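As a plain string of letters, each chain reads:
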Amino acid sequence: MSERPEGLVNIGDFARATGLTPKALRLYDDLGLLLPAEVDAVSGYRRYAPDQVERARLVASLRLVGMPLARIREVVDMPAARAAAEVETYWRQVEADTATRRSMVSVLVHSMRNEARPMTTTTDRLHAEFGVSHEQGGRATQQDAVLVTPELIAVADGFGGRDDLAGAALTAYAAGGLANAITEVARDVTKAGTTLTAVDLHGSTARITHIGDGRVVLVRDGDVRQITHDHTVVAAMVEAGQLTADEARSHEHRAVLNRALVPGVVADEITLDLLPGDRLVLTTDGVHSYVDDLDALITAEAGPQEVAEAVAAAVVAAGEPDNHTIVVADLA
């Protein structure tokens, strides 16, 4: 951090030191969770002391686990031992509440499935034109994988010690479905893993299998709709209203998955009816985690390959710190 003579630093330097964003720090100020050490009376600029770094990181972590704001205000001012006991008490209650909700969800799902009507879909096959960009980016190796055929579009994002695991998982999925892909990765699960997001095209229906933080997005008549949900801790907090999107984007644990392709995993299975003129976009997190104007790029009136290349250029402009893969499928 570049220090001022009095030892205080501006909000930009403090944000870099804590791994947060200035917007998140302003939020913590507004909520009374982390007040600046000084606010300039004329400019309104916030300045922070170096010894506030740990408090900022603690606030961010407590926000991430969903602790209510009022309780965070108490915890951050407690002695360390007492604060640890308070966090442990809070989490025991969360686990008890989750177990209760799990039972309620089971009853609800059973009731909804009994009431569900059989789905009818047209058998007319839609033709897809594809655009693909698949780049190594700033990583030492390429652990993303992509598979594109007329009947199957899939992306995967590997991690750990086996660079070819994502590709092997997609090949196994194409040959024998999800169970086959799980068998492929099972022997390496302790040292490597992968996400998997696949779209099987059947007539005018897309059947989506999703595990991890890849995404499927539908563009229809200029509107953008994210079909999948990210299986990450921060995404769950954002959906619950316990974390802002800006906090999630800057949080040091933003890439922590709560689901990956491992034995026993339950995939999200989604059925999507398609229309001529629809555009499907699949991305790994090396794309959507770094491009702020992604919606504008994927709604462009251009061919799918041109759109894919424009998105890739935006990732490069953002520093391309990760492997990045995008597939654009225009349906007619």
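Refer to the preceding data block for the structure.
All values derive from a computational prediction rather than experimental measurement. (Residues numbered from 1 in each chain as written. Predicted model: local features only at pLDDT ≥ 70, side-chain atom pairs only at ≥ 80, totals over all residues. Heavy atoms only, no water.)

Describe the pairing of strand β5 (residues 144-148), listing the residues and the values that go with them.
Taken together, the five bridges between β5 and strand β6 (residues 152-160) define a ladder with antiparallel strand orientation. Bridge pairing links Ala-145 to Ala-156 in β6. Hairpin connection of β5 to β6: three residues between the antiparallel strands. (Pairing = 2+ DSSP bridges. Helix = DSSP H or I, 4+ residues; strand = E, 2+ residues; numbered from the N terminus.)

Break down the packing of helix α1 (residues 11-18) against helix α2 (residues 22-30) for me, with residues and values.
Taken N-terminus to C-terminus, the directions of α1 and α2 make an angle of 100°; their axes are 9 Å apart at the nearest point. With respect to each other, α1 and α2 are oriented roughly perpendicular. Contacts between α1 and α2 involve Ile-11, Phe-14 and Ala-15 on the former and, on the latter, Pro-22, Leu-25 and Arg-26. Residues belonging to the contact of α1 with α2 are distributed by class as follows: five nonpolar, no polar and one charged. (Axes fitted to C-alpha atoms, helices over the stretch in contact; angles between N-to-C directions. Parallel < 35°, antiparallel > 145°, perpendicular 65-115°, else oblique. Contact = heavy atoms within 4.5 Å. Nonpolar A, V, L, I, M, F, W, Y, C, P; charged D, E, K, R; others polar.)

Give me helix α3 (residues 53-64): which residues, what numbers.
Here α3 spans 17 Å end to end across twelve residues, near enough to the 16 Å set by a 1.5 Å rise per residue. When we look at burial in α3, the residues that qualify are Val-53, Ala-56, Val-59, Ala-60, Leu-62, Arg-63 and Leu-64. One or two steps after α3, the chain reaches Gly-66, where phi turns positive at roughly 90°. (Expected span 1.5 Å × (residues − 1). Buried < 20%, exposed > 50% of the residue type's maximum accessible area, 1.4 Å probe, protein only.)

So what's going on with the side chain of Asp-157? Residues and values would help.
Relative to the elements of secondary structure, Asp-157 occurs in strand β6. At 7.1 Å, Arg-139 is the nearest oppositely charged side chain to Asp-157, a buried residue that forms no salt bridge. Among all residues touching Asp-157, those that are not within four sequence positions of it are Gln-143, Asp-144, Ala-166, Gly-193, Thr-194, Thr-195, Thr-284 and Asp-285. (Lys, Arg positive; Asp, Glu negative; His and termini not counted. Salt bridge = Lys/Arg side-chain N within 4 Å of Asp/Glu carboxyl O.)

Can you lay out helix α5 (residues 80-115) for me, pointing to particular residues and giving the numbers?
Since one α-helical turn is 3.6 residues long, residues separated by three or four positions face the same way. Given a rise of 1.5 Å per residue, 36 residues ought to cover 52 Å, and the 52 Å separating the end C-alpha atoms of α5 matches this to within 8%. Taken together, the buried positions of α5 are Ala-83, Glu-86, Tyr-90 and Val-94. Where α5 is buried, its residues touch α4 (69-75).

Tell me about the sheet that holds strand β14 (residues 324-331), and name the residues and values.
On the basis of which strands lie adjacent, the open sheet formed by five strands has the order β4-β14-β13-β10-β11 and antiparallel pairing. Edge strands, defined here as strands with exactly one partner in the open sheet, are β4 (128-135) and β11 (223-226). Between one strand and the next, the sheet's axes are offset by a mean angle of 15°, whatever the strand orientation. As judged from the four bridges shared by strand β10 (residues 215-220) and β11, these two strands associate in the antiparallel manner. Each residue of the ladder has a partner; that of Arg-220, found in β11, is Asp-223. Across the sheet, helix α11 (residues 304-317) is in contact with β4, β13 (279-283) and β14; its angle to β4 comes to roughly 20°.

Describe empty space enclosed by the protein, naming the residues involved and giving the relevant values.
In total, this model carries one cavity of 30 Å³ or more according to the counting rule given. Each pocket or cavity is described by its volume, and for the largest cavity that value is around 40 Å³. Along the walls of the largest cavity sit Thr-18, Gly-19, Leu-20, Arg-57, Ala-60, His-251 and Glu-252, which together make up its complete lining. Counted by class, the lining of the largest cavity contains two nonpolar, three polar and two charged residues. (1 Å grid on protein atoms, 1.4 Å probe; cavity = no way out; pocket = protein on both sides within 12 Å on 5 of 7 lines; lining within 4 Å. Points joined across faces, edges and corners; volume = space filled by probe spheres on them.)

Account for unusual backbone geometry, naming residues and giving values.
A positive phi angle, close to 50°, is found at Asp-221, a residue other than glycine. With respect to the helices, strands and loops of the structure, Asp-221 is situated in the loop between β10 and β11. The backbone of Glu-320 shows a phi angle near 30°, a positive value even though the residue is not glycine. Looking at the element boundaries, Glu-320 is found in the loop between α11 and β14. Judged by its relative accessible area of 23%, Glu-320 falls in the partly exposed class.

Would you mind going over the side chain of Gln-52 in detail, with residue names and values included?
If you trace the backbone, Gln-52 turns up in the loop between β3 (46-48) and α3. On the basis of relative accessible area, Gln-52 is assigned to the buried category, the value being 12%. If near-sequence neighbours (up to four positions away) are discounted, Gln-52 is found in contact with Phe-14, Leu-34, Leu-35, Pro-36 and Ala-37.

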